[in-house]
Structures are given as structure tokens and as C-alpha cells.
Amino acid sequence: MSTGTIRVRTSAPAERIYRALTTADDLRVWLAEHAHVDLEGGEYEFWGRHTPDGERGRQKLLGFDDRSVRYSWLLYGTEYTLELGVEERDGETLIAVTQSPYPTWGVGDDQSEVLQTFWPLALGNLVELVEGRPVLGFCDFTSPEQRFEFDIAATPAAIIDALTDPAVFARWFGARMEIEPHVGGRWAMGSLAEEENPAKVVALDEANLALEFPGGMVTSWELKGSEGKTRLTFVQSGFDPASPPYGPWMGWLSGFADLRRMLELPGWRPMWHSFDLPGVPDGVLVLE
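An account of the accompanying structure is given in this report. (Residues numbered from 1 in each chain as written. Predicted model: local features only at pLDDT ≥ 70, side-chain atom pairs only at ≥ 80, totals over all residues. Heavy atoms only, no water.)

Details of the overall build of the protein
Across its full length, the protein carries 6 helices and 15 strands. Here the C-alpha radius of gyration of the protein, 19 Å, is about what a compact globule of 288 residues would show, namely 19 Å. Projected onto the principal axes, the alpha-carbon positions of the protein cover approximately 60 × 40 × 35 Å. Out of the 288 residues in the protein, the part that is buried amounts to 52%. If you take every contact in the protein between residues at least 6 apart in sequence, the share linking residues at least 24 apart comes to 51%. (Helix = DSSP H or I, 4+ residues; strand = E, 2+ residues; numbered from the N terminus. Rg over C-alpha atoms; globule rule 2.2 N^0.38 Å. Buried < 20%, exposed > 50% of the residue type's maximum accessible area, 1.4 Å probe, protein only. Contact = heavy atoms within 4.5 Å.)

Here you go:
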């Protein structure tokens, strides 16, 4: 494993972002159920049901300045070093998370998948917070249930298009996928030509999409439109409840904030700016 960095763009001012990174009240909105921060006193902690290995006392402050905070995090028996910071590049304001070590893309074990997807979800929440929009939500690491509901100011047809048109999907999710858009068709993240075990489309109409993955897990989107909005219900099922797939769950949730933004905000651009991650295959991640 080596170092990985994820950057997202935002229209918020740097001062607002720094406050969100370094105050307990804001951390409790975009990152964790509980938080305590006293930078001058050397304390930076977050914990609770929205945090993997969610007991208190796993973080230690290593340093901070007027643009960043750095700390260690004992997670799954390994000590990680994290830096959260604000950057300005080519006229854009960016939020960056750097983690070391960072698991190589495609390792596939449950803990590595959590480490790969926790921060994209948190960053999606953070961008919404600093721009004055409601955050999307969290993964609950204390529950095996994987059911998530939220509203989008768009029609079900627009959402189905965003889920099934590879070009549109790549813009809001930040990664490529290919689909044979009919029941019984194949679905793959990346390329169908390179995926040996693609998922199968088991439902697809104007209000539903469901995929069945090898091993029996089913991922489904149910859409109900009313008065210019659509309630999207997202569910993962068919897995061992003793070992919930939190990593893939957060991977999907991490994209939904930008799906909502794409369909609601005039002049939208993807929040994803750059993924500097070990082992990412060429052509999988898509950036503007």
C-alpha cells in the first residue's frame, strides 16, 4: 500500500472549508456522529456509528496550519496518516484528503473496500455542507441493513437516464461503466470486454433498475415521482448480514450527492477533480 489523494472542487470560500474541517459542530454534520476538536490542545477526534472501528480515541492530532489538519487514525489494527486540507489551483478551490497507506485498487477484501470508499462519501457530504445544501447522509456501521432514501428535484426518467447512459453515469459517478440496457443484459464497472464476471440486469423500466452480482447480491434503485421531485430508494440485499458489504455501499452513496447536484444545479460541474490512487486501472476513473 502507498499514499492516495482524492480532490473535489467547490465554489465555497477557503475559510468556510477550513472551518468545516476543524470544528466539531461541522464534523458532526458531514463526517461523524460524534466529534471533539481542540487544535491548540492537541485534540482531534471523531467516532460513532458512522465511523469504521467507531470507538473513541483512535485519532491523534499530528499538526495543523491555516489550510490543513493532519492526524493519525488507528483503524483495523493499522495506523494511518491523514491530511485534510484546502488547495487553490488554476482558479479553483479544492478540498483534498491524503491518506497513507492507501489500499491498492481492486484488492477486494472488506476492510480495503471501506478504506477506498469512506472518504469519497465524506467529501460528497462536505461539499454539500460548505455550499449550503443538505448533506446526503452516512453509512451506519452498526447495522447490516443497507437501505437509503433521498429526494432529487428531477423526474424518474431523468434519473434512470443518468443511471443507464454510460456517458452521463461517468460524469456524476466519476467512473466508467458499460451496460446492456435490458432485462437479462450485462453490467460492468469499467468495461464489459474486460470484466470476467459482470452483473446482470434483473429489472429495468421507467421507475426501477436492479442489478444482480455474482454471489447473489442485488443492488436496486426504486423511483417514485411526485410534484417535480423523485424519491430514490436505494437498497443492497442478498449478502451475509454477518458481513455487510459496507465498502460497495459507500461507493454508491459517494456518487449520489453529485447525481443530485447534476440534476438540480444550473451550470453544474462534477465535484470530482482528481484521484491520485495506487493501482487504479487506466480508463476506470473519469475526470474533467
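After that view of the structure, there is still more to cover.
As for the sheet that holds strand β13 (residues 218-226)
Strand order in the open sheet formed by 7 strands is β8-β14-β13-β12-β11-β10-β9, and the pairing between neighbours is antiparallel. Single-partner strands in this sheet number two, and they are β8 (147-152) and β9 (177-179). Taken pair by pair, the neighbouring strands of this sheet meet at an average axis angle of 20°, ignoring direction. The pairing of β13 with strand β14 (residues 229-237) spans 9 bridges and is classified as antiparallel. Its bridge partner lying in β14, serine 226 is registered against lysine 229. (Pairing = 2+ DSSP bridges. Axes fitted to C-alpha atoms, helices over the stretch in contact; angles between N-to-C directions.)

Notes on the environment of arginine 16
Examined against the element boundaries, arginine 16 turns out to sit in helix α1 (residues 14-22). Look at arginine 16 and you get buried, because its relative accessible area is 17%. Separated by 146 residues in the primary sequence, arginine 16 and alanine 162 have C-alpha atoms spaced 31 Å apart. Residues in contact with arginine 16, not counting those within four places in the same chain, are Asp26, Leu129 and Val130.

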